[in-house]
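Structure assessment
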Amino acid sequence: MRKLFVLIVGLMLIGGLSVGVYSASVSPATAPTASIGVNTIAAIYIDHSTVNLGTLTSADYDAETNTWDSLEATGFNVHAYANATYTVDVEVNSAPGGLNGDLKIDVSQDDSWDNLISGGSASGKVNIFDSVAAGYRTATFDYKYVPANADTPGDYTTSLIYTVSTN
Ligand SMILES: [Ca+2]
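Parameters at a glance
Residues numbered from 1 in each chain as written. Predicted model: local features only at pLDDT ≥ 70, side-chain atom pairs only at ≥ 80, totals over all residues. Pairing = 2+ DSSP bridges. Helix = DSSP H or I, 4+ residues; strand = E, 2+ residues; numbered from the N terminus. Axes fitted to C-alpha atoms, helices over the stretch in contact; angles between N-to-C directions. Core = buried A, V, L, I, M, F, W, Y, C linked by C-beta atoms within 7 Å. Buried ≥ 20, exposed ≤ 12 C-beta atoms within 10 Å, placed from the backbone. Contact = placed C-beta atoms within 7 Å.

**Structural notes on the pairing of strand 7 (residues 114–118)**
On a regular strand, one side chain projects to one face of the sheet and the next to the other, so that they alternate. When strand 6 (residues 102–106) meets strand 7, the two strands line up antiparallel, connected through three bridges. Opposite isoleucine 105, over in strand 7, you have aspartate 114 as the bridge partner. Pairing of strand 7 with strand 8 (residues 121–122), which is carried by two bridges, proceeds in the antiparallel orientation. Its bridge partner being in strand 8, isoleucine 117 is matched across the sheet by alanine 122. Following strand 7, the chain reverses through two residues before pairing antiparallel with strand 8; glycine 119 in that reversal takes a positive phi of roughly 60°.

Here it is in C-alpha cells:
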C-alpha cells in the first residue's frame, strides 16, 4: 500500500509542472521591445580637390571675330548618399577680382551650361541633382571658363562649395 501511494503523488507533480509551462508560453505578461534609432544621414564625396582649367594664351583669341576659346576641363564626379530624398548643389565661395568672364558647369554633360560666375560675379547655387529617393548617387560633370576681353593678367582661384541637403 505504501508504494502505491508514493506513485500517485509523483504523477500529480508531473501533471502540475506540465500545466505551468504551458500557461507561461501562451500568455506573456510583458512583450519585450527592441529599440533602434536611425538619424538622418547625408554624406558627400567630391573626387577632385583641384580643377585646372589651364592658362589663356594669344592662341585662344581670334582677332578677326573678337572671340575667345573657352578653357575646359571635363569628367569630374560627386558621390552622395542620404537616407531621405536629397539635393546636391554647388556654388563658388566668392568670385576673384580681375576676372570678368563666366565660370560654368555642365551638370549633365549635355552641353547646356549653368553659371557659377557670370560676368565676374558669383551666380549663386547651381543644382547638381535632386534625388527622387533615398540612396546613393553619382553625378559626372564638366567645367569651363569663358574669357572676357577685360580679364586682367594673373592667376586666379576660387573655392567651389558642394552641399548635400535632405528634403
Ligand atoms: Ca547640362
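From this point, the narrative continues.
**Here's the deal with the sheet that holds strand 5 (residues 86–92)**
Here three strands make up an open sheet; going across it, the order is 9-5-11 and the pairing antiparallel. Each end of this open sheet is capped by a strand with a single partner; those strands are strand 9 (126–130) and strand 11 (160–166). For this sheet, the mean inter-axis angle between neighbouring strands, taken without regard to orientation, is 20°.

**What about the sheet that holds strand 4 (residues 71–82)?**
Strand order across the open sheet formed by six strands is 1-4-10-6-7-8, with antiparallel pairing between neighbours. Unpaired on one side and paired on the other, strand 1 (42–46) and strand 8 mark the two borders of the sheet.

**What about the nonpolar core?**
Ranked by internal contacts, the top residues of the largest apolar core, which has 16 residues, are Ala80, Leu103, Ile105, Leu116 and Ile128. Where this core is concerned, the elements lending two or more residues are strand 4, strand 5, strand 6, strand 7 and strand 10 (135–146). Looking at which element gives the most residues to this core, the answer is strand 5, with four residues. The residues contacting alanine 80, other than those within four sequence positions of it, are Ala43, Ile44, Tyr86, Val88, Arg137 and Val164.

**Remarks on the pairing of strand 10**
Relative to strand 10, strand 4 is paired through 10 bridges, and the arrangement is antiparallel. Pairing of alanine 82 across the sheet is with glycine 135, part of strand 10. As judged from the five bridges shared by strand 6 and strand 10, these two strands associate in the antiparallel manner. When the sheet's bridge partners are listed, aspartate 106 is paired in strand 10 with aspartate 142.

By themselves, these figures tell us nothing about what the structure is for.
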